[in-house]
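Fold and geometry: a report
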Amino acid sequence: MSTPLAEGLHARPAPGPDRAPLRLVDQFQLGLDAPICLTWELTYACNLACVHCLSSSGRRDPRELTTAECRSLIDEFERMQVFYVNIGGGEPTVRADFWDLVEYATGHHVGVKFSTNGSRLTPDVAALLARNPSVDVQISLDGATADVNDAVRGSGSFSTAVTAMERLAAAGFAGFKLSVVVTRHNISQLDEFAAIAARYSAQLRLTRLRPSGRGADVWDELHPTADQQRRLYDWLVARGESVLTGDSFFHLAGYGDPLPGLNLCGAGRVVCLVDPVGDVYACPFAIHDEFLAGNVRSPGGFAAVWKDSDRFATLRAPDTGGACRSCGLYDACRGGCMAAKFFTGLPLDGPDPECVLGHGEAALGIRDAGGRAGVPAPSQDHSRRSRADHTALGAGPGRTPSRTVEQVPVALVPRRPDRACDESPLAGLRTTHGPR
Amino acid sequence: MSTTLDPPSAAFDLDRPWDLHPRVSLRREPFGALVYHFDTRRLSFLKSLDLLAVVESLGASPTAGEACRAAGIDDERLPAYRHALGTLAASGMICERRPR
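First, a word on scope: everything that follows refers to the structure included in this document. Positions within a chain are numbered from 1, following the residues in the order the chain's sequence is written. As a convention, the first chain written is A and the first ligand written is 1, with the rest following in written order. Local features in this predicted model are restricted to residues whose pLDDT is 70 or higher, and side-chain atom pairs enter the listing and the counts only when it is 80 or higher, whereas totals over whole chains, interfaces and linings include all residues. Here the side-chain values reflect all heavy atoms present in the structure, with hydrogen atoms and water set aside.

With respect to helix α8 (residues 190-199) of chain A
Residues and elements named next belong to chain A. Among all positions of α8, only Leu190, Phe193, Ala194, Ile196 and Ala197 are buried. Taken end-on, α8 shows its buried residues confined to a sector of 160°, consistent with a single buried face. Exposed side chains of α8 directed beyond 90 degrees from the buried face belong to Ala198 and Arg199. The secondary structure elements touched by the buried residues of α8 are α7 (157-170), β5 (177-182), β6 (203-208) and α10 (226-239). Burial status follows relative accessibility: with a 1.4 Å probe on protein chains alone, a residue under 20% of its type maximum counts as buried, one over 50% as exposed, and anything between as partly exposed. Comment: elements are numbered from the N terminus, with helices defined as DSSP H or I runs of at least four residues and strands as E runs of at least two. The arc in question is formed by the directions pointing from the helix axis toward the C-beta atoms. By the convention used here, residues are in contact when the closest approach between their heavy atoms is within 4.5 Å.

Focus: unusual backbone geometry
All names here are of chain A. In this chain, glycine 89 is followed by glycine 90 through a cis amide linkage whose omega measures 10°. With respect to the secondary-structure elements, glycine 90 resides in the loop between β2 (84-88) and α4 (98-106). Phi at glutamine 81 takes a positive value of approximately 55°, unusual for a residue other than glycine. Assessed through its relative accessible area of 28%, glutamine 81 is described here as partly exposed. For arginine 334, which is not glycine, the phi dihedral falls at a positive 55°.

Regarding the packing of aromatic side chains
For any pair of aromatic rings, the description consists of the separation of the ring centres together with the inter-plane angle of the planes. In this scheme Phe, Tyr and Trp rings, the latter by its six-membered ring, pair at centre separations within 6.5 Å, and the angle between planes marks the pair as stacked below 30 degrees, edge-to-face above 60, and tilted otherwise. Applying the stated rule across the entire model yields 17 aromatic pairs over all chains. Taken together, a centroid distance of 5.2 Å and an interplanar angle of 15° make the contact between phenylalanine 83 of chain A and tyrosine 36 of chain B stacked. Of this pair, phenylalanine 83 of chain A sits in the loop between α3 (67-80) and β2 while tyrosine 36 of chain B sits in strand β3 (residues 32-37), placing the two residues on different chains. Between the aromatic rings of phenylalanine 342 of chain A and phenylalanine 343 of chain A, the centroid separation amounts to 5.0 Å while the plane-to-plane angle is 80°, which identifies the pairing as edge-to-face. Like phenylalanine 342 of chain A, the residue phenylalanine 343 of chain A is buried in the burial classification. Taken together, the aromatic side chains of Trp40, Phe77, Phe302, Trp306 and Phe312 of chain A make up a single cluster linked through ring pairs. It is arginine 316 of chain A that lies over the ring of tryptophan 306 of chain A; its NZ or CZ is 4.6 Å from the centre. Across from the ring centre of phenylalanine 83 of chain A, 5.9 Å away, lies the NZ or CZ of arginine 27 of chain B, which sits over that ring. In this analysis the charged atom, NZ for Lys or CZ for Arg, is taken to sit over a ring once it is within 6 Å of the ring centre and within 35 degrees of the ring normal.

Section: the nonpolar core
The biggest cluster of nonpolar side chains holds 85 residues, and the ones touching the most others in it are Trp40, Phe77, Val137, Leu204, Leu206 and Phe302 of chain A. Broken down by element, this core gets its largest block of residues, six residues, from α7 of chain A. In contact with tryptophan 40 of chain A, not counting residues within four places along its chain, are Leu65, Cys70, Leu73, Ile74, Phe77, Asn86, Ile87, Gly88, Val274 and Asp275 of chain A. Here, nonpolar core means buried Ala, Val, Leu, Ile, Met, Phe, Trp, Tyr and Cys residues that are tied together by side-chain atoms lying within 4.5 Å of each other. Residues Leu14, Ala33, Leu52 and Leu88 of chain B belong to the second largest nonpolar core, which totals 25 residues.

A few points about the pairing of β2 of chain A
Residues and elements named next belong to chain A. When you tally the buried positions in β2, you get five out of five residues, the bulk of the element. Neither face of β2 is left uncovered, since the one carrying Tyr84, Asn86 and Gly88 and the one carrying Val85 and Ile87 both have all their residues buried. Inspection of the sheet shows strand β1 (residues 37-41) paired to β2 by five bridges, in the parallel sense. When the sheet's bridge partners are listed, threonine 39 is paired in β2 with asparagine 86. By definition, the crossover connecting two strands over a helix is right-handed if that path, from the first strand to the second, turns clockwise as seen with the strands pointing away from the viewer. Between the parallel pair β1 and β2, the chain is carried across by α3, and the sense of this crossover is right-handed. Strand pairing is assigned whenever DSSP detects at least two bridges linking the two strands. Pairing of β2 with strand β3 (residues 111-116), which is carried by four bridges, proceeds in the parallel orientation. Looking at β3, one finds that tyrosine 84 is bridged to glycine 111. Read as a crossover between parallel neighbours, the route from β2 over α4 to β3 is right-handed.

Put into structure tokens, the structure is as follows:
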């Protein structure tokens, strides 16, 4: 099998004297003329209400792109040679035009990987998907058992996902992805997740819990402890390339060898996010005005936003490393995840909240002593108005109710699925390096 | 499924006609090119402009060796390019062309 993106990037020189003056990773840091791939949230509507939803989804936004607008955006991706899009939401399959848009994209040299909670994945759909090699599917599951999963994703969501996996396997769709957001409560189930993936000929993908969207409300209680992070790293190293990570654990590289992947933040440089109303953000974890680059409906469309946005220009500038620069591990973790820092109220040029040396934890302590000043308010929220399910979810195994949720005693409303894209849009890219 | 081992470059036949796989897209970049295979959903990098030139001329050349020569690759550099083409062949990015 090919090497992962990261290995292709690490100092394997091109043949001949004409090798590029910069390492690829440095080229990427400065940004490309077009994204390699991007995440596209098609709708904020969702039939679930996951507690950690990165895009705070639930209700459709009336301004969402029309079918015609979606098609012309795909045309633009084709012209820019954006190789593929990671489609999410919300639950993208609730859009009536979803399957048509998938067909349209793959017919126009834009590959599709979409994330789903599986609720619309009928046997017919599974058969259709299995016949289209340009499509990949990612089923979200956040517990290897119904109790652990449903506490986060809502009642019944475990069995829905399992049914979807059964249908994909029955249709002969091998190698679809089983996508898991690693939390404090499911991190002891890694082997069980691997077994589930194997059962359906799927590939396991583990991604990092981000404090984005509703994830901000539950991050304190759900993010892995320092000990758990260490065990996760060791588990991932032992599994090698058989488990995908969407490059989302690059902040753990300081433990030792880098994990397979890019080990680079591609936000606004080689990837970005387009949201349901056409707003373009630096990455899927950064749906906030702070990272808003523009809108695809503006003159010049998506290409102009990608090329001319001041926000993206800032991201593409050489970074100083700030407080982390003097750390011996800086070259390994590059200061971690921008979005994780931003949404926990930490300075962007400081340590990641889950810094392996504990600097993030210390910074969070200082933040809390200061009354959590600096923690940003969300700039959008499409959650359904009843947040009662949070209360019920708080009663799940080992869970405490989220601090920001009203304690309304109502029965569990299935909360939104997590967005389709809990990972770097580059996730899962299998790369072969060219010349050596 | 080799990941760190070198692909079977020794098996790559420079004397055969080759071409980009019909389901592969090539995107030019300052460093060379990005290559994406829509069926395997794999991304590769061509990390030099010379390699890009070789790959681009594969389809119009009678053999891969001819494509290398057309791109100005001399005998000394040829083994590295043979290896690179072997890597691309192993991942299905390029495939052998039926003789015309």
